[in-house]
Amino acid sequence: MYHIDELVAFDTIMSLGSLTRSAGQLGLAKSTLSRRIAHLEQQLGQPLLRRQSNRLLPTEAGQVFHRYCRQILELAEQGHQALDELQDEISGELHLAIHSELGPGWLTPRLGQFLQRYPAVRLMLSTCSTPPVEADSQGVSVWLGSACDSDQRQEVLGRLSCGIYGHPAYFVQHGCPRHPRDLARHAWLGLAGTCEQGVTLKHAEHDSFYFQPAASRLRSDHSTLHGDAIAAGYGLGLLPDWLAAARERAHPGSLMRCLDEWQVPSMPVTLLYPYGAQPRRLTALLAFLRQAAPAAWATELDSLEKKPAPPTALALHATTTLASRS
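What counts, and where the lines are drawn
- Residues numbered from 1 in each chain as written.
- Predicted model: local features only at pLDDT ≥ 70, side-chain atom pairs only at ≥ 80, totals over all residues.
- Heavy atoms only, no water.
- Helix = DSSP H or I, 4+ residues; strand = E, 2+ residues; numbered from the N terminus.
- Buried < 20%, exposed > 50% of the residue type's maximum accessible area, 1.4 Å probe, protein only.
- Contact = heavy atoms within 4.5 Å.
- Areas by Shrake-Rupley, 256 points an atom, 1.4 Å probe, with all protein chains shown as cover.
- Salt bridge = Lys/Arg side-chain N within 4 Å of Asp/Glu carboxyl O.
- Phe/Tyr/Trp six-rings, centres within 6.5 Å; stacked < 30°, edge-to-face > 60°.
- Pairing = 2+ DSSP bridges.
- Axes fitted to C-alpha atoms, helices over the stretch in contact; angles between N-to-C directions.
- Core = buried A, V, L, I, M, F, W, Y, C linked by side-chain atoms within 4.5 Å.
- Polar contact = N/O pair within 3.5 Å; in protein donor to acceptor, adjacent residues only side chain to side chain.

*Asks:* Requested: an account of the overall build of the protein chain, with residues and values cited.
*Replies:* Tallying secondary structure elements over the protein chain gives 11 helices and 15 strands in all. In the protein chain, which comprises 326 residues, the proportion classed as buried is 44%. Within the protein chain, contacts between residues at least 6 apart in sequence are counted, and of these 74% link residues at least 24 apart. For the protein chain, the accessible surface area stands at approximately 18100 Å², while carbon and sulfur atoms represent 53% of it.

Here is the structure:
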């Protein structure tokens, strides 16, 4: 009968193609790893691996056996998870990857509650700058936006309403757009993944307007850098209102919203996790994240409900114009 450690050793080498890297990942000496592979080959009566240059490649027998090896390991993992479900205590390791924009303002201050509630859980927290694609059986990810190419289950945790923002001094100098068509006369600051295909603005009383920004001279792939550029007065750009409000609290007077009566598409906050049955620790983390989602994220998707707005860029421009005439 095959020993589980030997199957893990073979599967790791098949994945990494290197005895050295596999030994490092498993925390074993190379000699120990070699003995496990040799014993597995002895039991099977056939070589499973062959060396080519600096890589270990599977033989024909290795390719065939690896399919069964994976099935055995997956069954073993399912067995461990089933036993975990019988335990009263939620324990074990969890991986949580979060979009870099969401960590400091939302999740980090709340993680203490989760760790206090589940003292036997070990949590590995990291940030991600691209949406995760491959599933991690111990992992959950929170992404700002959609993750179309991911092979994981996607659940919308909330939605961030968005608006078009600029610095107050920019509006005083360049004027305020009164209709989306006026945006063509302003410098547009692009945020990667938001307006490449254009954006449709909706109004309660007027027809929708499709706006295709001209090529931006200054673009960013990070909302913080994007917000910095807008706050520096380089032009106008699209920002989630939740993030803009956080910046305003930290730096009052640095951002002002324009075209308040026009609604732009909201941005989803997406929860990603593996398909299938989940271990209890992963289920507990998912439940915690759902409960921790701010009420401000539960914004309307496409409704045209009007909300009281703070002083707008248009109001600022009108006030400045009147003051200059008096």
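*Asks:* If you had to explain the pattern of salt bridges to someone new, which residues and values would you point to?
*Replies:* Summed over all chains, the structure comprises 8 salt bridges. Across the pair Asp-182 and Arg-185 runs a salt bridge, and its minimum N-O distance is 3.1 Å. By relative accessible area, Arg-185 is classed as exposed at 66%.

*Asks:* Would you mind going over the packing of aromatic side chains in detail, with residue names and values included?
*Replies:* The relative placement of two aromatic rings is captured by the distance of their centres and the angle of their planes. A complete count under the given rule lists 5 aromatic pairs for this structure. A centroid spacing of 5.3 Å and a plane angle of 50° characterise the contact between Phe-114 and Phe-288, whose relative ring orientation is tilted. Note that Phe-114 is positioned in helix α6 (residues 111-117) and Phe-288 in helix α10 (residues 280-292), a separation of 174 residues in sequence. Judged by relative accessible area, which is 0%, Phe-114 ranks as buried. What links up through ring pairs into an aromatic cluster is the set Phe-114, Tyr-118 and Phe-288.

*Asks:* So what's going on with the sheet that holds strand β13 (residues 256-258)? Residues and values would help.
*Replies:* Strands sit in the order β11-β8-β12-β7-β13 across an open sheet of 5 strands; the sheet is mixed. This sheet does not close on itself; its edge strands, each paired only once, are β11 (219-220) and β13. Of the strand pairs in this sheet, strand β7 (residues 162-166) and strand β12 (residues 236-240) are connected by 4 bridges, and their pairing is antiparallel. Following the sheet pairing, Ile-164 is matched in β12 by Leu-238. In the packing of helix α8 (residues 223-231) onto the sheet, the strands contacted are β7, β8 (188-191), β11 and β12, and the crossing angle to β12 comes to about 140°. The strands that helix α9 (residues 241-250) touches are β7, β12 and β13; relative to β12, the one it contacts most, it runs at about 100°.

*Asks:* I'd like to hear about the sheet that holds strand β15 (residues 267-273), residue by residue, with values.
*Replies:* Read across the open sheet, the 5 strands follow the order β4-β3-β5-β15-β6; overall the sheet is mixed. The outermost strands of the open sheet, each flanked by one partner alone, are β4 (121-128) and β6 (153-160). Strand-to-strand twist across the sheet, computed as the mean angle between neighbouring axes with direction ignored, equals 20°. As defined by bridge partners, strand β3 (residues 92-99) adjoins β4 across 8 bridges and the pair is classed as parallel. Among the inter-strand pairings, Leu-94 is bridged to a residue of β4, identified as Leu-123. In the packing of α10 onto the sheet, contacts are made with β3, β5 (139-144), β6 and β15, and the angle to β3 comes to roughly 35°.

*Asks:* Break down the environment of Ala-229 for me, citing the residues and quoting the values.
*Replies:* On the secondary structure map, Ala-229 appears in helix α8. Judged by relative accessible area, Ala-229 falls into the buried class, the value being 10%. Taking C-alpha positions, Ala-229 is 9.1 Å from Arg-219, a pair spaced 10 residues apart along the chain. When neighbours within four sequence positions are excluded, Ala-229 is seen to be in contact with Leu-189, Leu-218 and Tyr-234.

*Asks:* Lay out the side chain of Thr-12 in plain terms, naming residues and giving numbers.
*Replies:* Residue placement: Thr-12 occurs in helix α1 (residues 4-16). Among all residues touching Thr-12, those that are not within four sequence positions of it are Gly-17, Ser-22, Gln-25 and Leu-26.

*Asks:* Talk me through the nonpolar core; I want residue IDs and the actual numbers.
*Replies:* Among the nonpolar cores identified, the biggest contains 49 residues, and Leu-102, Trp-106, Val-140, Val-142, Ile-164, Leu-289 and Trp-297 are the most heavily contacted of them. Ranked by the residues each element gives to this core, the list is headed by α10, at 7 residues. Discounting chain neighbours no more than four positions away, the residues touching Val-142 are Leu-96, Ala-97, Ile-98, His-99, Leu-102, Trp-106, Cys-128, Leu-157, Val-269, Thr-270, Leu-271 and Leu-289. Judged by nonpolar contacts, the second largest core, of 16 residues, contains Phe-10, Ile-37, Leu-56 and Leu-73.

*Asks:* Give a description of the side chain of Arg-257 that names residues and reports values.
*Replies:* Take Arg-257: it is sitting in strand β13. Judged by its relative accessible area of 19%, Arg-257 is buried. In this structure the side chain of Arg-257 is engaged in a polar contact, spanning 2.8 Å, whose partner is the backbone oxygen of Cys-162.

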